[in-house]
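Now for the letters of each chain:
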Amino acid sequence: PATTKSAPTTAAPTTAAPTTEQVTTRRLNPIGGPDLGGGVLPETKAPLTTTAPTTPTQLEPVEIKSKVGIVVTDGKSHDDVLKPSLEAHSLGITLFAIGVGNRNKLSELNEIASDPDQAHVFTVGDYNAIENIRASVRRRSCLASAPIDIGQPITGVISIGEATFIEIGIPENEDAVTINLEAVDGSLALYTSFSVPNPSEALHDQKLVLTNGETGSLVASQDPNKQRQSVNRQRRQTSTEQSSNKLYVSIVGQAKTNKYVMKSEITDPSVFNDSGSGQTRSIVASPLAVCFAVFLSAFLPLFA
């Protein structure tokens, strides 16, 4: 394993916040053959932009950005790759692993990459072949979701056609999350799914559409009987047969400029006690039903 080098002492005052996290970058040399790559990446220490979370009485909305890392390797590692990969995943970094040549170990690439492996692991014959997967890696990295904690409000400004992809972790003992959305400006469409990382108009569990100044909310749950929606209720389109502890959310801009504020929270169980099933029902009468009702009201008195 690489050894951690301590920084030389200086006379500068130590006023840096002790909570700033550090990340170590090092070269992983292959076993059983020469290094196929050029140059040597020295061991370095660079501060991350993330700091220890604070606990204010009321959280302010924050702008979120997806964090993506791409690991290119041409051989097996001398040391463990799982621990540093898990640390990166815990910081909300989506990792892609690209194996070059035939000396890679697929299990190591899978340990490095984020889940699902089939979307984050690539293998090519040589470094020149990376050009063949450049577009695919770029597209998938742009679709990476930004993980947030329940209760943390987020805000953002997106243009028409742009989207913000969010991943919300749900505690194991909870099965329903309330999503509150405000369209501060423009027009927005929000999609949720427990099975599709980037829900869209084509594939989603629920959909919420809001325009300038409107607010709306929905209850997302893997139990269909607990799903509630205050605006534009849509039929479920994706399969959620497999249990998931993550809720995927997409916010898509539909006007030239769109600003939003979104907050998630654990749904109060009392919401589901009013009607037994906890499901909001909208009754829409079809023209045939209306005609039949008129027929009964007109002719039933004749047979009394």
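Each value, and the rule that gives it
Residues numbered from 1 in each chain as written. Predicted model: local features only at pLDDT ≥ 70, side-chain atom pairs only at ≥ 80, totals over all residues. Heavy atoms only, no water. Pairing = 2+ DSSP bridges. Helix = DSSP H or I, 4+ residues; strand = E, 2+ residues; numbered from the N terminus. Axes fitted to C-alpha atoms, helices over the stretch in contact; angles between N-to-C directions. Patch = residues over 30% accessible without salt bridge, like charges linked within 9 Å, V, L, I, M, F, W, Y side chains within 5 Å. Areas by Shrake-Rupley, 256 points an atom, 1.4 Å probe, with all protein chains shown as cover. Salt bridge = Lys/Arg side-chain N within 4 Å of Asp/Glu carboxyl O. Buried < 20%, exposed > 50% of the residue type's maximum accessible area, 1.4 Å probe, protein only.

Trainee: I'd love a proper account of the sheet that holds strand E5 (residues 93-100), names of residues and values included.
Mentor: An order of E4-E5-E6 is seen for the 3 strands of this open sheet, with the pairing classed as parallel. Here the strands that pair on one side only, and so sit at the sheet edges, are strand E4 (67-73) and strand E6 (121-124). Pairwise comparison of adjacent strand axes, ignoring direction, gives a mean angle of 20 degrees for this sheet. Where E4 lies against E5, 7 bridges are found, and the strand directions are parallel. By the bridge assignment for E5, Thr73 is matched with Gly99.

Trainee: Break down a nonpolar patch on the surface for me, citing the residues and quoting the values.
Mentor: Taken together, the side chains of Val68, Ile70, Val72 and Tyr127 define a hydrophobic patch exposed on the protein surface, amounting to about 310 Å² of accessible area. Along the polypeptide, Val72 turns up in strand E4.

Trainee: Describe the pattern of salt bridges, naming the residues involved and giving the relevant values.
Mentor: Side chains that differ in charge, positive against negative, can pair when their charged atoms come close. With the rule as written, the count across this model stands at 3 salt bridges. Glu131 is the salt-bridge partner of Arg134, the closest N and O atoms lying 2.9 Å from each other. Of this pair, Arg134 and Glu131 both sit in helix H4 (residues 130-142), separated by 3 residues, roughly a single helical turn. Between Lys207 and Glu201 there is a salt bridge, with the nearest N and O atoms lying 2.7 Å from each other. Accessibility expressed as a relative area gives 41% for Glu201, which makes it partly exposed.

So, to be careful, I would describe these as geometric facts and stop short of saying anything about function.
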